[in-house]
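A look at the structure
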Amino acid sequence: MSTHRRSGRSLGRRRGDGGGGRVPAQSIAIGLAAVSATLVVGAAGAIHVVDSGADPEISAAAARSEVPSAIPAPAAYGASGLKEEGTIGDMAGGAIPGVGDLMMSRIPSSTRQAIVVTGADESATVNQVVLWQRTDEDSPWAPVGAQIAGRNGANGWTHDHVEGDLRSPIGVFSLTAAGGRYPDPGTALPYEYRPSFYQAGSYDGDPMGEAFNYVVAIDYNRLPGHPPSDPTRPLGGSAGGDIWLHVDHNTPTRGCVSLPQASMETVLHWLTPSSHPMIIMGDRASVEASTDVR
């Protein structure tokens, strides 16, 4: 997204739609609560730091919103990607239909909302998006609303995301912050309203101009709970960043997932921090896999 937006107030270097980086076989998230730390294993190798405190840049809407606390301690994963021991992934309430054991094992027991993004294969640039929810960890998952047509990176999907590869990272990531050029539409997520920052398009009427009306940050190589504009990249710049859900601009993305604007508004109204929402994203074979497909 570095070529598609500019910073109004200096928050460090600018970032681009779908910059990426090499991702190891497993993902480690480090959540720092006020008095303790929790390790969270995700799906794509990024190291994350969750700050439970408020950020003054997030806007008044964010200040009144709940910032998620650290996710409970998860299962540990070895080099094989197979579950060893831990407290998440037991799938007591059953798996989300169409999602295999490998991805499901990376969903915390505290999660009540999940977005599943599935492409036909690793070269696909269009995908199917379904919202799922459950009332508690022992309840079955139920779909919310109709299936949504989405887009992803211009070069498809990858398990080994690198800066500028125009591919969307495959994995399971938390969703902890939102923002955009438009004012907060009424989301419970911390929301960063900064029109001067979320800029896109090179001319009046350029479809890219609408891309960042609304965004939800996907916690790939970023600090969960911080505003989308936060430039911090725990894995370093080569791992990219700014992997977001954002408004569709009628073309594939640089690595993000895009949805029609009405669908983005629906997602923003639906997501709640207390539900510890996650996104499962990738090609169908990876999403349905029971073991590491690489």
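Residues numbered from 1 in each chain as written. Predicted model: local features only at pLDDT ≥ 70, side-chain atom pairs only at ≥ 80, totals over all residues. Heavy atoms only, no water.

Considerations on the overall build of the protein chain
In terms of helices and strands, the protein chain carries four helices and 16 strands. Looking at the 294 residues of the protein chain, the share that counts as buried comes to 55%. The contacts of the protein chain with a sequence gap of at least 6 include a subset with a gap of at least 24, amounting to 65%. Of the roughly 11100 Å² of accessible surface on the protein chain, a fraction of 53% belongs to carbon and sulfur atoms. (Helix = DSSP H or I, 4+ residues; strand = E, 2+ residues; numbered from the N terminus. Buried < 20%, exposed > 50% of the residue type's maximum accessible area, 1.4 Å probe, protein only. Contact = heavy atoms within 4.5 Å. Areas by Shrake-Rupley, 256 points an atom, 1.4 Å probe, with all protein chains shown as cover.)

Comments concerning unusual backbone geometry
Unlike most non-glycine residues, D242 shows phi in positive territory, near 55°. Along the chain, D242 turns up in the loop between β13 (240–241) and β14 (244–247). Accessibility expressed as a relative area gives 4% for D242, which makes it buried. The phi angle at N250 is positive, at roughly 70°, despite the residue not being glycine.

Examining the nonpolar core
Judged by nonpolar contacts, the single largest core of 43 residues is most densely connected at I96, I115, V216, L245, I279, I280 and M281. For L245, the residues in contact, after removing those within four places along its chain, are I115, Y214, V215, V216, I218, V257, L259, M264, V267 and I279. (Core = buried A, V, L, I, M, F, W, Y, C linked by side-chain atoms within 4.5 Å.)

Here we look at helix α3 (residues 261–270)
S263, M264, V267, L268 and W270 are the residues of α3 that are buried. In an axial view of α3, the angular spread of the buried residues amounts to 165°, which keeps them on one side of the axis. (Arc of directions from axis to C-beta.)

Considerations on the pairing of β14
As paired elements, strand β12 (residues 215–218) and β14 share three bridges and run antiparallel to each other. Residue pairing in the sheet places V216 in a bridge with L245 of β14. By the bridge criterion, three bridges tie β14 to strand β15 (residues 257–259) in an arrangement that is parallel. In the strand pairing of β15, V247 is matched with L259. (Pairing = 2+ DSSP bridges.)

Some details on the environment of E137
Relative to the helices and strands, E137 is located in the loop between β6 (126–133) and β7 (142–151). C-alpha separation for the pair E137 and R112, spaced 25 residues apart in sequence, amounts to 7.5 Å.

Side note on the confidence of the model for the protein chain
Taken residue by residue, the protein chain gives an average pLDDT of 76. The fraction at 70 or more is 68%. Here residues 1–16 is modelled with pLDDT under 50, and outside its nearest four sequence neighbours on either side it reaches 63 contacts, counting other chains as well. (pLDDT = per-residue confidence, 0-100.)

Description of the packing of aromatic side chains
Pairs of aromatic rings are described using the distance from one ring centre to the other and the angle between the two planes. Tallied over the entire structure, the rule returns five aromatic pairs. Seen from their ring centres, F212 and W244 are 5.5 Å apart, and the 80° between their planes marks the pair as edge-to-face. Of this pair, F212 sits in the loop between β11 (191–193) and β12 while W244 sits in strand β14, and the two are 32 residues apart along the sequence. The rings of F197, Y198, F212 and W244 are connected pair by pair, giving a single aromatic cluster. (Phe/Tyr/Trp six-rings, centres within 6.5 Å; stacked < 30°, edge-to-face > 60°.)

Comments concerning the side chain of D230
In this structure, D230 sits in the loop between β12 and β13. Comment: no salt bridge for buried D230; closest opposite-charge side chain is R233, at 5.7 Å. Polar side-chain contacts of D230 include one of 2.7 Å to the side chain of T232. (Lys, Arg positive; Asp, Glu negative; His and termini not counted. Salt bridge = Lys/Arg side-chain N within 4 Å of Asp/Glu carboxyl O. Polar contact = N/O pair within 3.5 Å; in protein donor to acceptor, adjacent residues only side chain to side chain.)

What to know about the pattern of salt bridges
Considering all chains together, one arrives at five salt bridges under this definition. With a closest N to O distance of 2.8 Å, D242 and R233 form a salt bridge. Here R284 makes a salt bridge to E288, at a shortest N to O gap of 3.9 Å. A residue pair is termed a helical-turn pair when its members lie 3 or 4 positions apart in one helix, as R284 and E288 do in helix α4 (residues 284–288) at four residues. Here E288 falls in the partly exposed class, since its relative accessible area comes to 41%.

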